[in-house]
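# Report on the structure
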Amino acid sequence: MTTLYYMPGTCAMGIHVLLEEIGKPYDLKKVDFANQAQFGPEYMAINPKSKVPALERDDGTVLTEFPAIATWLALTNPDKKLLATDPEKLTRTLETVDYIVATLHMQAWTRFWRTVNYSTVEEEHPKIKARGKEMTEKGLALLDKQLDKKEWLMGDFSIADSALYFFEFWIAERANWPLPPNVAAHYQRMKARPSVQNMLKLEGLA
Ligand SMILES: N[C@@H](CCC(=O)N[C@@H](CS)C(=O)NCC(=O)O)C(=O)O
């Protein structure tokens, strides 16, 4: 059965939301970061990158990387309309997902939340964290503009919204920074979706 390897509250939440949107049975396997399970031989055999999310498919093969997993789930469940088929819209959706994942998560948030990945010299941390916050604010302002007069990033609900959701969750629930108005409204809309509510319950975050 399709199995999502996750750790509660991580970017894997975005994939978990998509599995809930799709509504087919799936298994969940927690990778316990508190016990460094991501570096243990059992999980390394699943994903040698030591990261979540990882998605094991029915044929036993494993997909990694948020954009790839989200795209695959959308393409294999076309009835759920999680990704536009029109080439322009599809490409713009992937552009947005990539910005959230590669720039906002990996660059901005990691500077703030996993500062030690950037420097082991503690005196340098305040500066790195401040840069992470600055990059986050720039990104949120751009996404706020993209959401102007729109409920969802691409017009219709898509994989980009599930990517934005995990980022919003971190800003609102972990950093306690304010979200700009359109992003804040989007976060509320996401929280009202049954898929998000189920995911939060299953991850023990409700
Ligand atoms: N580029 C990967 C990044 C995944 C990633 O960084 N996941 C974090 C959780 S949000 C993780 O597994 N971290 C493990 C660790 O820090 O040891 C993706 O987009 O899926």
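Everything quoted here is computed from the prediction, not taken from an experiment. (Residues numbered from 1 in each chain as written. Predicted model: local features only at pLDDT ≥ 70, side-chain atom pairs only at ≥ 80, totals over all residues. Heavy atoms only, no water.)

This part covers the overall build of the protein chain. Tallying secondary structure elements over the protein chain gives 8 helices and 4 strands in all. The secondary structure elements of the protein chain, listed N-terminal to C-terminal, are β-α-β-α-β-β-α-α-α-α-α-α. Its C-alpha atoms give the protein chain a radius of gyration of 17 Å, within 12% of the compact-globule value 17 Å for 206 residues. When the 206 residues of the protein chain are sorted by exposure, 48% land in the buried category. Within the protein chain, contacts between residues at least 6 apart in sequence are counted, and of these 64% link residues at least 24 apart. Split by element, the accessible area of the protein chain, about 10600 Å² in all, is 54% carbon and sulfur. Placing the 25 positive and 27 negative side-chain charges of the protein chain at their respective mean positions leaves the two points 3 Å apart. (Helix = DSSP H or I, 4+ residues; strand = E, 2+ residues; numbered from the N terminus. Rg over C-alpha atoms; globule rule 2.2 N^0.38 Å. Buried < 20%, exposed > 50% of the residue type's maximum accessible area, 1.4 Å probe, protein only. Contact = heavy atoms within 4.5 Å. Areas by Shrake-Rupley, 256 points an atom, 1.4 Å probe, with all protein chains shown as cover. Lys, Arg positive; Asp, Glu negative; His and termini not counted. Charge placed at Lys NZ, Arg CZ, Asp CG, Glu CD.)

One can find T110 in helix α4 (residues 87-113). Once residues within four sequence positions are removed from consideration, T110 is found in contact with H105, T115, N117 and Y118.

When the domains of the protein chain are assigned, the result is domain 1 (3-80 + 197-202) and domain 2 (87-193). The C-alpha-based centres of domain 1 and domain 2 are spaced at 20 Å. Opposite the 16 residues of domain 1 that make contact, domain 2 presents 17 residues. Here domain 1 meets domain 2 over a buried area of about 1400 Å², counting both sides, of which 71% is carbon and sulfur. Contact with domain 2 buries area across many residues of domain 1, yet C11, F66 and Q197 alone supply 29% of it, more than any other trio. Viewed at the interface, domain 2 and domain 1 are joined by 1 salt bridge. Its salt-bridge partner being E21, residue R193 comes within 2.7 Å of it at the nearest N-O pair. At the boundary of domain 1 and domain 2, one finds 5 residue pairs in polar contact (both at pLDDT 80 or more). Of all the secondary-structure elements, those providing two or more residues to the side of domain 1 that touches domain 2 are α1 (12-22), α3 (66-76) and α8 (194-202). Among the residues forming the side of domain 1 that touches domain 2, the class breakdown is 10 nonpolar, 5 polar and 1 charged. (Domains from an automatic or database assignment. Buried area = accessible area lost by both parts, 1.4 Å probe. Salt bridge = Lys/Arg side-chain N within 4 Å of Asp/Glu carboxyl O. Polar contact = N/O pair within 3.5 Å; in protein donor to acceptor, adjacent residues only side chain to side chain. Nonpolar A, V, L, I, M, F, W, Y, C, P; charged D, E, K, R; others polar.)

The subject of this paragraph is the pattern of salt bridges. In a structure, side chains of opposite charge can pair up when their charged atoms sit close to one another. The tally for this structure, following the rule as stated, stands at 8 salt bridges. Between E134 and R131 there is a salt bridge, with its nearest N and O atoms 2.6 Å apart. Residue E134 and its partner R131 are both found in helix α5 (residues 125-146); the two are separated by 3 residues, about one turn of the helix. Here E134 falls in the partly exposed class, since its relative accessible area comes to 44%. For R131, a relative accessible area of 40% translates into the label partly exposed. Here the residues in one salt-bridge network are E88, R92 and E95, joined through shared partners.

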